[in-house]
Amino acid sequence: MRRMLLVGCSKAKVEEVGPLPAIERYDGPLFRVVRRFLKEAPKSLQNVVIYVLSAKYGLITSEAEIEDYDERMTPERAVQLRDQVLVAFQQAMVQRLPDELFLSLGRDYLKALDDYETWVPPSVRVYVSNEASARKQTVLKAWLWDKPVPSMTPRSEAAVQQPELPPTAPRS
């Protein structure tokens, strides 16, 4: 099974001079969960391709080399990045053809991916986690380790789940 993770960038960053891979640059709690998984998980579970939605760089792979920066994802910044992010997302979906997609993004980050469903085939199981930080870590860890994701139902079994946001109608 091919799995794809999109995680929002974090304010906490490694303040090392020069570029670092995004997975090493960001140092928030979700990135620590992901790095620990990559270090400890057996190869059979490491079928996850990781993308980061960055307030500065848009949608990038976890291996993308980035400099240290300080920019926050605001609703205005999300709108500015939206077209670029959706193009990158579409390309990632075509290249990776995931069976599962996990979005671990806050509200402003989701605005940068508005209408992402257009590019997700119906066969892809989609999980959206936009919960409080500690809960978000628990849900992400369960998904990474291929355990049942608490209180979330994939889209193939129900509509795309957004536990703290009201569902939105598809746009024509």
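Residues numbered from 1 in each chain as written. Predicted model: local features only at pLDDT ≥ 70, side-chain atom pairs only at ≥ 80, totals over all residues. Heavy atoms only, no water.

### A word on the pattern of salt bridges
Stage number 1. Applying the stated criterion to the full structure yields nine salt bridges.
Stage number 2. A salt bridge links Arg77 to Glu71; the nearest nitrogen and oxygen atoms lie 3.1 Å apart.
Stage number 3. Classification of Arg77 by relative accessible area gives buried; the value is 17%.
Stage number 4. By relative accessible area, which is 32% here, Glu71 ends up partly exposed.
Stage number 5. One connected set of salt bridges, linked through shared partners, spans Asp27, Arg32 and Arg35. (Salt bridge = Lys/Arg side-chain N within 4 Å of Asp/Glu carboxyl O. Buried < 20%, exposed > 50% of the residue type's maximum accessible area, 1.4 Å probe, protein only.)

### Some points on the nonpolar core
Buried together is how nonpolar side chains tend to be arranged in soluble globular proteins.
Stage number 1. Phe89 and Leu113 are the most contacted members of the largest nonpolar core, which totals 53 residues.
Stage number 2. Element by element, the count of residues in this core is highest for helix H3 (residues 75-96), at seven residues.
Stage number 3. The contacts of Phe89, once residues within four sequence positions are left out, are Met4, Leu6, Leu59, Leu101, Leu113, Tyr116, Trp119 and Val120. (Core = buried A, V, L, I, M, F, W, Y, C linked by side-chain atoms within 4.5 Å. Helix = DSSP H or I, 4+ residues; strand = E, 2+ residues; numbered from the N terminus. Contact = heavy atoms within 4.5 Å.)

### Quick notes on a negative patch on the surface
Stage number 1. Taken together, Glu15, Glu67, Asp68 and Asp70 make up a surface patch of like negative charges.
Stage number 2. A residue is classified by how much of its surface remains accessible, and Asp68, at 34% relative accessible area, is partly exposed. (Patch = residues over 30% accessible without salt bridge, like charges linked within 9 Å, V, L, I, M, F, W, Y side chains within 5 Å. Areas by Shrake-Rupley, 256 points an atom, 1.4 Å probe, with all protein chains shown as cover. Lys, Arg positive; Asp, Glu negative; His and termini not counted. Charge placed at Lys NZ, Arg CZ, Asp CG, Glu CD.)

### What about the confidence of the model for the protein chain?
Stage number 1. For the protein chain, per-residue confidence averages 86 on the pLDDT scale, and 87% of positions sit at 70 or higher.
Stage number 2. Below pLDDT 50 for its whole length, residues 156-172 participates in 25 contacts with residues either more than four positions away or in separate chains. (pLDDT = per-residue confidence, 0-100.)

### A closer look at H3
Stage number 1. Of all the bends in H3, the greatest measures close to 50 degrees and is centred on Arg82.
Stage number 2. Among the residues making up H3, those that are buried are Arg77, Ala78, Leu81, Val85, Leu86, Phe89, Ala92 and Met93.
Stage number 3. Elements that come into contact with the buried residues of H3 comprise strand S1 (3-8), strand S3 (48-54), strand S4 (58-61), strand S6 (100-104) and helix H4 (107-112).
Stage number 4. Just downstream of H3, Leu97 is the residue with a positive phi angle, here 45 degrees. (Bend = angle between axes of the 7 residues up to and from the residue.)

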